[in-house]
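Here are the chains, one letter per residue:
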Amino acid sequence: MTHMHIVVAGLNYRTAPVSIREKFTFSDADLELALKELKETKSVMECVIVGTCNRTELYVVVDRENLCDHYLRGFIEKWFGVPREQFNKHLYVYENEKAIDHLFRVTSGLDSMVIGETQILGQIRNAFLLSQQLKTTGTLFNTLFKQAVTLAKRAHTETGIGENPVSVSYAAVELGKRIFGSYDHKKVMIIGAGKMSELTVKHLYANGADKVIVVNRTLSRAQELAGKFQGVASSMDKLLYYLEEVDIVISSTGSSEMVLTRDQVAAVLQKRRSRPLFMIDIAVPRDLDSSIGELPNVFLYDIDNLQSIVNNHLQERRKAALVIEDMIVEEMAVFEQWTRTLGVTPLIQALQTKASTIHEETMDSLMKKLPDLDERELKVIRKLTKSIVNQMLRDPVIRLKEMAAEPDGEEALDYFTKIFALEEQLAEQEHAENASRQQEVSESRDRWKEEILTKVSLKPADALAKT
C-alpha cells in the first residue's frame with residue numbers, strides 16, 4: 001500500500017514582508033496552468049494553491065515525505081524564476097498533523113492578520129473548487145477541504161467571531177447602525193481629507209449612504225476625495241451650512257484648534273428639527289468640542305471611544321478563537337480516524353480478488369472432475385460455494401474495519417495482510433493504479449498542450465516547425 005502524506009509550503013504576512021510576498025503571487029490567468037504543473041511535479045498526487053494578498057500556499061498530497069520539501073522548493077523556484085536562496089528563510093513547510101491544523105486555522109480566520117475575518121473562507125473554498133474542477137484533487141483533499149470549509153462555517157455561526165468589528169472605521173460604521181438602523185439615503189460630511197476619514201466613508205458608502213460632502217481648507221484636496229464618491233467638494237466657510245442637512249459628520253483635520261464648538265452645533269440643531277446627528281472625531285488633537293455630545297439628538301464619539309470598542313471586540317474575538325481551537329482539535333481527530341480506514345478498501349478488494357480467484361479455480365477443477373453436471377446443477381453449486389466464501393469473508397471484513405479505526409490500525413492492517421497472504425494482490429492493484437495514473441497524466445498533458453496551442457492560435461504542426 002502506498003502511504004500518502006499531506007504537506008503545505010508557503011509564505012505569509014508573518015514570515016515575509018510584502019516586498020517578498022509580491023514576487024510569489026499567482027495571477028488568475030496563470031493559476032490553472034500552475035495547478036497543472038504542480039500536479040505533474042514528482043511525488044505530488046493531489047494539490048491546491050491558495051493565493052491572497054497576505055499569503056501564498058501550496059497544499060499537496062505526496063507519496064514521498066522525505067523528498068517533497070525539495071520538489072516543492074524546486075517548483076517555486078522554477079515557476080517564479082527566483083533562486084531558492086532568496087525565499088528559503090521566508091518559506092514554512094508543515095507536514096501531516098501540522099499541515100491539517102494549519103489549514104483548519106487558516107480557513108477559520110485564526111491565522112489571519114485580523115483574527116476571525118471571514119473573507120479567507122471564501123478564498124479557500126474557491127481555490128478548492130478550482131482544483132477539484134481541474135481534477136488536481138483526489139480522495140484526501142476532497143474530504144479534507146470540504147471538512148475545513150464546513151468547520152469554518154460552523155465556527156463563524158456558533159461563535160460569532162466575525163460579528164464584532166475590529167477596525168476603527170468599521171466600529172464607527174457599526175455604531176451608526178445602532179443610531180440609524182440603516183444608512184440608506186443618509187448624507188455624510190467629511191471635515192478634512194485624512195486617510196481614516198476616507199476609509200470610514202468608504203464603509204458608510206458601501207452600507208447605503210448616498211451623498212458625500214467633503215469640506216476642507218484646501219479645495220483641490222476636497223475635490224480629489226469627493227470625486228471618489230461622486231460627492232460635493234466645499235471650502236470650510238460652508239461647514240455650518242452643510243451641517244444643517246447631513247446625518248453623519250466625520251472629522252479629521254489635523255488642526256490645532258477646535259473646528260466645531262458646542263455653541264455652533266447648538267445653533268444648527270434648532271434648524272434640524274430633532275433629526276439625529278452622528279459625529280465621529282478621529283482627529284488628534286480633537287476637532288470637535290467634547291461637550292457637543294451633551295446636546296440633544298447628538299451622538300459624538302472620538303478616537304478613544306472607537307479604540308475602546310475595538311479593544312473590547314478583539315477580546316471577544318480572542319475568546320471565540322479559543323472555542324474554535326477546541327473545535328479544530330475535534331475535527332483533526334475525526335479526519336485522522338477517517339484516514340485510518342483508507343487502507344481498508346484496498347485490503348478488502350485484495351481479499352475479495354483472492355477469494356474470487358480461488359472460487360473460480362475450484363469451480364474449474366470441479367467441472368473437470370464431474371464433466372456430466374448439467375448447467376442447472378453447476379449454477380446451484382456455483383451459488384452455494386459463492387455463498388460459503390462470502391459468509392467466511394463477512395466477519396473478517398467487519399473486524400478489519402473496526403481495527404482500522406483504532407490507534408494501532410496500521411499495525412492491524414499489516415497483520416491482516418500477512419494472515420491472508422495478500423501481498424501479491426496488493427502489489428498487482430498498486431501496479432494497475434500506477435499505470436492508470438500515468439495514463440491519466442499523459443492524457444492530461446496532451447490536453448493541456450492542445451489548450452495552450454489553441455490559446456496562442458497555433459496548429460500543432462506550426463508549433464513544431466517553430467521549435
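Residues numbered from 1 in each chain as written. Predicted model: local features only at pLDDT ≥ 70, side-chain atom pairs only at ≥ 80, totals over all residues. Heavy atoms only, no water.

## Section: empty space enclosed by the protein
1) Next: Overall, the coordinates contain one cavity of 30 Å³ or more when judged by the stated rule.
2) Next: Here the largest cavity defines a volume of roughly 40 Å³.
3) Next: Listed by contribution, the elements that provide at least two residues to the lining of the largest cavity are strand E1 (5–12), strand E3 (55–62) and helix H3 (65–80).
4) Next: Sort the elements by how many residues they give to the lining of the largest cavity and E1 lands first, with three residues. (1 Å grid on protein atoms, 1.4 Å probe; cavity = no way out; pocket = protein on both sides within 12 Å on 5 of 7 lines; lining within 4 Å. Points joined across faces, edges and corners; volume = space filled by probe spheres on them. Helix = DSSP H or I, 4+ residues; strand = E, 2+ residues; numbered from the N terminus.)

## What about the confidence of the model for the protein chain?
1) Next: Here the protein chain averages 86 in pLDDT, and 91% of its residues register 70 or above.
2) Next: In the model of the protein chain, helix H17 (residues 460–466) stands out as the element of lowest mean pLDDT, 45, in contrast to helix H4 (residues 97–108), which has the highest, 96.
3) Next: Taken together, the stretch residues 455–467 has pLDDT below 50 and engages in four contacts with residues farther than four places along the chain or on a different chain. (pLDDT = per-residue confidence, 0-100. Contact = heavy atoms within 4.5 Å.)

## Details of the nonpolar core
1) Next: Counting 32 residues, the largest nonpolar core has Ile6, Tyr59, Phe104, Phe141, Leu144 and Phe145 as its most contacted members.
2) Next: Among the elements of the structure, E1, strand E2 (44–51), E3, H4, helix H5 (119–133), helix H6 (139–159) and helix H12 (303–340) are those that each provide at least two residues to this core.
3) Next: If we ignore the near neighbours within four places in the chain, the residues touching Tyr59 are Val7, Val8, Glu46, Cys47, Val48, Val50, His102, Leu103, Val106, Phe141 and Phe145. (Core = buried A, V, L, I, M, F, W, Y, C linked by side-chain atoms within 4.5 Å. Buried < 20%, exposed > 50% of the residue type's maximum accessible area, 1.4 Å probe, protein only.)

## A word on the packing of aromatic side chains
Two aromatic rings, taken as a pair, are described by how far apart their centres are and by the angle between their planes.
1) Next: Enumeration over the complete set of coordinates arrives at 16 aromatic pairs.
2) Next: Consider the rings of Tyr59 and Phe145, whose centres lie 5.6 Å apart with planes at 85°: the pair is edge-to-face. Of this pair, Tyr59 sits in strand E3 while Phe145 is found in helix H6, placing the two residues 86 residues apart along the sequence. As far as burial versus exposure is concerned, Tyr59 and Phe145 are alike and both buried. (Phe/Tyr/Trp six-rings, centres within 6.5 Å; stacked < 30°, edge-to-face > 60°.)

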